[in-house]
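Given next are the chains, with one letter for each unit.
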Amino acid sequence: MSDQKGGNQPANNNQGKKQQKGGNLAGGGGTPPADDKKITSRTADYSQWYLDIVRRAELADNSDVRGCMVIKPNGYAIWENMQRAIDGLFKATGHVNAYFPLFIPKSFFQKEEQMAEGFAKECAVVTHYRLKSTNGKIEVDPEAKLEEELIVRPTSETIIWNTYKGWIQSYRDLPLLINQWCNVVRWEMRTRLFLRTSEFLWQEGHTAHATQAEAEAETLQMVNVYRQFAEDWMAMPVLVGPKSDGQKFPGAIYTLCIEALMQDGKALQAGTSHFLGQNFSKAFDVQFTAEDGKREFPWATSWGASTRLIGGLIMTHSDDNGLVIPPRLAPTHVVICPMGRSDEERAPCTAAAEKLAAAIAELPRDDFYGYQPLRVKIDRDTKNSPGHRFAEWELRGVPVRVEIGPKDMEKSACVLARRDIPGKEGKTMGVPLDVAPQQIDALMREIQKNLFDRAKKARDATMRTANSYDEFKQMIEQPGFIWAHWDGTRATEDKIQEETKATIRVIPFDGPKEAGQCMVTGQPSEKRVIFARAY
RNA sequence: CGGGGCAUAGCUCAGUCCGGUAGAGCGCCUGGUUUGGGACCAGGAAGUCGUCGGUUCAAAUCCGGCUGCCCCGACCA
């Protein structure tokens, strides 16, 4: 569909009152981009580059609430596309959505000890339920103290297992395969837009099974769902496998994860799937009667992925010209820019743009597009120069831009520009208008694949093998993933983290089976694990 | 929670040392000229200088309290 509102153009719409100062310019000390039309380059300052993209592509703002972000329409549209894809994968594996309360009574929290400990330091707590106005000043009414404090959910295992107690009586009630889309709060000391905020959006799946084997199969299945989403939609290669005990979820027997590598060589945990054993069913005394009539505790899993994925998306593909979004997640697939020096020159270009937009919307809807029509916009800006408009659409990461100017009209042709190859190098001139829709369709698939291949190549190029701790210490100063032997103990992991700031990111399933000795203690090790510095 | 920095127009900042009519660039609005890689001219709108108090004839500026935000560190999806 072409956009309804004419004259719509990539302009800043900074409304609102006082945004906090110095947000993207590193407080007082930072250096603003030399040319404020351009964003900071990745080599100059990677985290400033990231902030510039988030701000200039209008994905999100810092809000006036500490640690919390405002996700703007451009950013939220990406999240909606992510949700649609992930939710589809959940449904295809038999899961259903439900919703559980935001507030969790403190006593629930206490029931599972490890989890309570794991999250204790970052919980928001509701203590009162009323305000009162004294001399025009609003204050908490001390009379309205809650008998039992409520925790704002950092994750929902406790409230959900408390609920499951009422839902599970018989083996016939199992498996219970439930997911919820919601917000959670983890009171973070330091936040970064999308990557770590005090409140974030996510989904959390919570399943209950009659047997351990079934629950473990579910845990594995769901991490593979995340892998599929990361690779096929986000075009983001990931390593898959268990976390070390030191890195697992509090309350889990083990945690499986997908682990991605960002362009700056830091790792990002992008999704986790936990095998919870009977920890929660026992904590909440959930039992069912098995086929043989015996009372048993069900086996649990939980799994989650959050708006952090948007940060991962940005840091996997984007470049110094701005955001790059893989076609399958792009809020806008194609933008068509009619040009011309005068209304007379422009009119036929605009008409051709409209016709092309309609033709693109008629392309077959297949799985690649989630069975939706392609999302097409017409840029009717007449005020800004073409160069300005092109740069602005590149900044926003639209995968394909079509340019139609007077010279093209003479040949009934257009120019296709692909975002994964920025600037003039990514342009194909003289594409006949009547075959443009098919070419655009092909280009979408090619861009999607190219982004994945490119990201995988970049990641693989960082992968190294360390054979001694000294070697490791040197290697870790360079970005990327490092394979190394580790004795499997928490103590060694902690020591390595303390001395090098690197953590065990994942013990990949498909890593080479190669016995050796721990690089620190010399104890035997079955296989190498992946170390990196992480977000 | 420690260490540092900052708070003046929508954004980025100057002005603060040395008190005296509130500034610039970008953006925005209007008109005109433009338009194939971030155009130009002219005009215009826009700020209780974070907040409370003190000093002073006079405070963005000096002094004190408070608040908020950013960066670095510890902690973390």
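As the structure is a computational prediction, the values presented were derived from the model and not from experiment.

Calculation criteria
- Residues numbered from 1 in each chain as written.
- Chains lettered and ligands numbered in written order.
- Predicted model: local features only at pLDDT ≥ 70, side-chain atom pairs only at ≥ 80, totals over all residues.
- Heavy atoms only, no water.
- Helix = DSSP H or I, 4+ residues; strand = E, 2+ residues; numbered from the N terminus.
- Buried < 20%, exposed > 50% of the residue type's maximum accessible area, 1.4 Å probe, protein only.
- Domains from an automatic or database assignment.
- Contact = heavy atoms within 4.5 Å.
- Salt bridge = Lys/Arg side-chain N within 4 Å of Asp/Glu carboxyl O.

A. A look at unusual backbone geometry. In this structure, the amide linkage connecting L174 to the following residue, P175, adopts the cis form with an omega of -5°. Within the secondary structure layout, P175 lies in the loop between α5 (157-167) and β9 (176-185). Here the phi dihedral of A235 falls at roughly 55°; this positive angle occurs in a residue that is not glycine. With phi around 50°, D285 is a residue other than glycine that occupies positive phi space. Along the chain, D285 turns up in the loop between α7 (279-283) and β14 (288-289). For D285, a relative accessible area of 39% gives the class partly exposed.

B. Focus on the domain arrangement of chain A. Domain annotation of chain A identifies domain 1 (77-315), domain 2 (332-449) and domain 3 (463-532). For domain 1 versus domain 3, the separation of C-alpha centres amounts to 29 Å. With 18 residues of domain 1 at the contact, the number on the domain 3 side is 17 residues. With a shortest N-O distance of 2.7 Å, E259 and R505 are connected by a salt bridge. Within the residue set of the side of domain 1 that touches domain 3, elements represented by two or more residues are β11 (239-242), β12 (254-261) and β13 (267-277). If you tally residues by element for the side of domain 1 that touches domain 3, the top one is β12, at 5 residues.

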